[in-house]
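So you can see what is in the structure, the chains are spelled out below.
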Amino acid sequence: MIAQQMVSGLAAGSLYALTALGLVLIFKNTDVVNFAQGDFGMVAAFVALMAISQFKVPFVLATLVAIVTTAILAVVVDRLTIRPMKNASMLSLMIATLGVYMILHGVAGAIWGRDTKAFPSPLPSDPVSVNGVVIGQGHLWILAFGFIISAVLFVFFRYTTAGLAMRATAEDRMAARLMGVNVSRIFALTWGVSGALAAVAGILLAPLVYLSPNMMSDVLVKAYAAAVLGGFGSLPGAIVGGLFIGVAENLAGEFISTELRTTFAFVLIVVVLAVRPTGVFGRRIQAKV
Amino acid sequence: MTAFRLHHLLWLVPLLVVLVFLPSFTTTFITYLLSLICIYVIVALGINILTGYTGQMSVGHAGFLAIGAYTSARLITDLGAPFWVGMLVAGLASGIVGFLLGIPALRLSGAYLSTATLGFGLAVEQILQNMDSVSGGRAGLSVPKPSLAGFVLDDRSYFYFVLAVTIVMSLLALSILRSSVGRAFIALRDSEIAAQAMGISLARYKTLAFTMSAFYTGIAGALFASLVRFLAPENFNMWLSIDFLTMIVIGGLASVLGSVIGGIFMVTVPYVLGELQDLSFILMGAALLVVLLFMPGGISAFLSRLLDLVTGRTTAKDIEQHVAKPMGQLGRLPEQSQSANAPASGTDLLGVKES
């Protein structure tokens, strides 16, 4: 039973981790806490659905279209809202992304309606049984993609010039600029990659739930918590945080109360934060006076 | 906070006159909306104390509203407490929870703090959903009509009561925020380190801001319960918390006037749009962005500048200066540094005492 809950927890956790990765990436490089991250994924799921059902595009192509569209959307959001308020406080930037969140929500509702829609997935979804542990294949795909994407990101940051430039920008924006890094382009790249990550999360989640403008709300909240738990700013922290929250809420659901599992997840986070105010992997914040 | 000038408040007089006489001429529904506006104004004052003045973002104020609403409703229905007692206890209960939340929040800031408050709001909603003994389960919780001194209040007299409470709470907020306490809040918002170096106790004033903010919202919750007279946990969801945050940014952060405008805005716009829920979302989001990008200080600061322009106190060029620059810090206007609001010399500026 515990193994069962662990596996479903890890699968849910992978989704949180994917979304959290996008959040952390944006925060690390541009100092923005992006409330709209979840809704990027929601938009991607709807775009993919539209491509499949209305334009009869094959699934893989539709997914690619959705990912690219969302990446572009994220870059546009950065250009139109975040970039013009470059010197604003973190609070203003957060509230600005809240505005973007509301707009995306309203636009999605206006275009695609508020009634829920099923998402067709070509991936087989029958549960498989391994040593008595029954796992939905949808969950397995999420785990697999979560792992692949983390690996790709690792390689990207470790071995490519763009990845190095991004790390440099996150470390010290001014120094990176002096070293010839085009910081403006790095910002666009950051938002684009985060948008793409959100798109993958949205499309992976879509077959498991019904599509609606609200579909990512729960994931966003958990991803947010995951990022915080991991110490907002650490990519491995986001992954560990996401998996941890997924497992913790499933175990709480099993042993304490199904209805109160979100509550327990958050109580846990507040406790962790009370002990370590910048998360488990977070560095101590040194404020300049 | 824009510099306080008496003529800024003059326009409140016609507003009050309208508010006092309007219910006599309109439907009960308009009276209901007017009461709701007053309640939102109290919430806006509360959240502004925490977010606008002290700079602590809360995405969980619906939780405080729920605590206030259910405390008052339970006291009235189970113990037969008078309505005003329910309201005061609701404020206190919410204030205590705010104080308790303020303790772990002491060490948190930015994203960490907003996660903690977000979690708090979600937790309150979820706990209420699962505590049938408090929330009445699926049937929800009905609240009787409020009565004062043996008289059951009808919609119109209840509105006058709510209006009176709102005015008292606004004046209370004004006087507290213009005292050393308010200046300590602002100092902490602008720089925790500098404020502490000036002798301001971070622990005391941050928890005080949380407590006050929660107290205001709890009072509003009690008024809300007796207004809608039916409570369901789902009504106190994350969106409501986001609405609360939105309204103070649009109305004006760190401004009592801004709280009033924000409350009016947040009740009126969705009502006018009615069924067009999506359009309401888009408009609110766009309004947020427009305020952040082009109207530092929200609608209240914009109106003050407009009024100054009309009365000839400022030139158009001054305004351009304010508007053209995207703001550096929320609710922090160039005007603020002027000394129009300066306390008399010799007063205790920041509440620092020799010990």
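In short, a report on the structure.

Definitions and limits used
Residues numbered from 1 in each chain as written. Chains lettered and ligands numbered in written order. Predicted model: local features only at pLDDT ≥ 70, side-chain atom pairs only at ≥ 80, totals over all residues. Helix = DSSP H or I, 4+ residues; strand = E, 2+ residues; numbered from the N terminus. Buried ≥ 20, exposed ≤ 12 C-beta atoms within 10 Å, placed from the backbone. Contact = placed C-beta atoms within 7 Å. Expected span 1.5 Å × (residues − 1). Axes fitted to C-alpha atoms, helices over the stretch in contact; angles between N-to-C directions. Parallel < 35°, antiparallel > 145°, perpendicular 65-115°, else oblique. Left-handed = near helix turned anticlockwise from the far one by under 90°. Nonpolar A, V, L, I, M, F, W, Y, C, P; charged D, E, K, R; others polar. Core = buried A, V, L, I, M, F, W, Y, C linked by C-beta atoms within 7 Å.

## Section: the overall build of chain B
Broken down by element type, chain B carries 16 helices and four strands. In chain B, buried positions account for 50% of the 355 residues. A separation of at least 24 residues holds for 78% of the contacts in chain B among residues at least 6 apart in sequence.

## Concerning the overall build of chain A
Of regular secondary structure, chain A possesses eleven helices and two strands. Starting at the N terminus and ending at the C terminus, chain A contains elements arranged as α-α-α-α-β-β-α-α-α-α-α-α-α. Along the first, second and third principal axes, the C-alpha atoms of chain A reach 55 × 50 × 35 Å. Counting over 289 residues, chain A shows a buried share of 52%. Expressed as a percentage of contacts within chain A between residues at least 6 apart in sequence, the contacts between residues at least 24 apart total 71%.

## A look at helix 2 (residues 12–25) of chain B
With 14 residues, helix 2 of chain B extends 20 Å from end C-alpha to end C-alpha; this agrees with the ideal 20 Å at 1.5 Å per step. Counting buried positions along helix 2 of chain B yields one of 14 residues, so the element is predominantly exposed.

## Side note on the packing of helix 3 (residues 59–82) of chain A against helix 4 (residues 90–112) of chain A
All names here are of chain A. For the pair helix 3 and helix 4, the least separation of the axes is 11 Å and the interaxial angle reads 125°. When the axis of helix 3 is compared with that of helix 4, the two are oblique. For the pair helix 3 and helix 4, the crossing hand works out as right-handed. On helix 4, the residues that touch Val77, Thr81 and Ile82 of helix 3 are Leu93, Ala96 and Val100. Among the residues making up the contact of helix 3 with helix 4, the classes are represented as five nonpolar, one polar and no charged.

## Re the interface of chain A and chain B
If you look at the interface, chain A gives 42 residues, while chain B gives 41 residues. Going through the elements one at a time, helix 4, helix 9 (217–229) and helix 11 (261–275) of chain A are the ones with two or more residues in the side of chain A that touches chain B. Counting residues per element, the side of chain A that touches chain B draws most heavily on helix 4 of chain A, which supplies 16 residues. Here the residues of the side of chain A that touches chain B are counted per class, giving 30 nonpolar, eleven polar and one charged.

## Points about the nonpolar core
Ranked by internal contacts, the top residues of the largest apolar core, which has 204 residues, are Ala44 and Ala45 of chain A. With near-sequence residues (within four places) excluded, Ala45 of chain A lies in contact with Phe119, Gly202, Ile203, Ala206, Leu211 and Met215 of chain A.

## Quick notes on unusual backbone geometry
Most peptide bonds are trans, and most residues other than glycine sit at a negative phi. All names here are of chain A. For Asp31, which is not a glycine, the phi torsion comes out positive at approximately 65°. Within the secondary structure layout, Asp31 lies in the loop between helix 1 (2–30) and helix 2 (37–53). On the neighbour-count criterion, Asp31 (17 C-beta atoms within 10 Å) is partly exposed. The residue Lys56 is not glycine, and still its phi comes out positive at about 55°. Examined against the element boundaries, Lys56 turns out to sit in the loop between helix 2 and helix 3.

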